[in-house]
Amino acid sequence: MPAIFETERLYIREFSDEDFPFLHAIFSDTETMKHYPAPFSVEQTNNWIARNKFRYEKDGFGLWSVCLKETDEMIGDCGLVKQTVDGTDEVEIGYHINKKYWSKGYASEAALGTREYGFGRLGLKRLISIISPENIPSIRVAEKIGFTLEKESFIFNNPSYLCGLTNEIASIFWGNP
């Protein structure tokens, strides 16, 4: 499957049915999913893949497979998802990385590539991330890609931070992607 975009160490591509075991290893892990209501079942992981394939057709984007260039191994997902927050339609950068690859900069690298893709290729004006206040590693990823905390809100029935960045601000600080 062709890459949507590449970074220094990663390539990002659409999900395939063969991604199921790699995604389920991530989504069924209690530690990885501690900021979700519960780890995913087999059915929930299959639905995740199907929902994102539908998003590719409907929205032109969704969450994608994050793969290592060096080995072609799928290590997580990252991408763009439409969300409604406090009555406003937004586009969120979301990501999950297999915990054996945590603290290696892969989430930040994938999220930065996704930010550049969203602003540069898709022409989006603004991007957000919705993060649990206890999820310090995700807060750090958001900060590394230039997002700032805009507000605390009750999102998906949970207290959450809404972090965001506009294309205009990104262009001023980092140039056009």
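Scroll up to find the structure.
Calculation notes
Residues numbered from 1 in each chain as written. Predicted model: local features only at pLDDT ≥ 70, side-chain atom pairs only at ≥ 80, totals over all residues. Heavy atoms only, no water. Salt bridge = Lys/Arg side-chain N within 4 Å of Asp/Glu carboxyl O. Helix = DSSP H or I, 4+ residues; strand = E, 2+ residues; numbered from the N terminus. Buried < 20%, exposed > 50% of the residue type's maximum accessible area, 1.4 Å probe, protein only. Axes fitted to C-alpha atoms, helices over the stretch in contact; angles between N-to-C directions. Parallel < 35°, antiparallel > 145°, perpendicular 65-115°, else oblique. Left-handed = near helix turned anticlockwise from the far one by under 90°. Contact = heavy atoms within 4.5 Å. Nonpolar A, V, L, I, M, F, W, Y, C, P; charged D, E, K, R; others polar. Core = buried A, V, L, I, M, F, W, Y, C linked by side-chain atoms within 4.5 Å.

S.K.: Quick rundown of the pattern of salt bridges? Include the residues and the values.
M.R.: For the coordinates displayed, the defined rule picks out twelve salt bridges. Close ionic contact of Glu-6 with Lys-69 constitutes a salt bridge, the shortest N to O distance being 3.2 Å. You can see Glu-6 sitting in strand β1 (residues 3–6) and its partner Lys-69 sitting in the loop between β3 (63–68) and β4 (74–85), a full 63 residues away along the chain. For the salt bridge of Glu-109 with Arg-9, the shortest nitrogen-to-oxygen distance reads 2.6 Å. Placement of the pair is Glu-109 in helix α3 (residues 106–121) and Arg-9 in the loop between β1 and β2 (10–13), with a sequence separation of 100 residues. Of the residues examined, Glu-109 reaches a relative accessible area of 14% and is grouped as buried. Where salt bridges share partners, they join Asp-29, Glu-31 and Lys-99 into one cluster.

S.K.: I'd like to hear about the packing of helix α1 (residues 20–27) against helix α2 (residues 42–59), residue by residue, with values.
M.R.: Packing of α1 against α2 leaves a shortest axis separation of 10 Å and a crossing angle of 120 degrees. On the basis of their axis angle, the class for α1 and α2 is oblique. Classified by chirality, the crossing of α2 by α1 is right-handed. Two secondary-structure elements touch here, α1 through Phe-20, Leu-23, His-24 and Phe-27 and α2 through Val-42, Thr-45, Asn-46, Trp-48 and Ile-49. Within the contact of α1 with α2, the residues separate by chemical class into six nonpolar, three polar and no charged.

S.K.: Go over the nonpolar core with me, naming the residues and quoting the values.
M.R.: Nonpolar side chains in soluble globular proteins tend to be buried together. Core analysis: the biggest nonpolar cluster contains 48 residues, and Phe-15, Trp-64, Val-66, Leu-80, Ile-93, Leu-127 and Phe-147 have the highest contact counts within it. If one sorts the elements of this core by residue count, α3 sits on top with six residues. Counting residues in hydrophobic clusters, the runner-up holds five residues, among them Val-85, Ile-130, Ile-155 and Leu-162.

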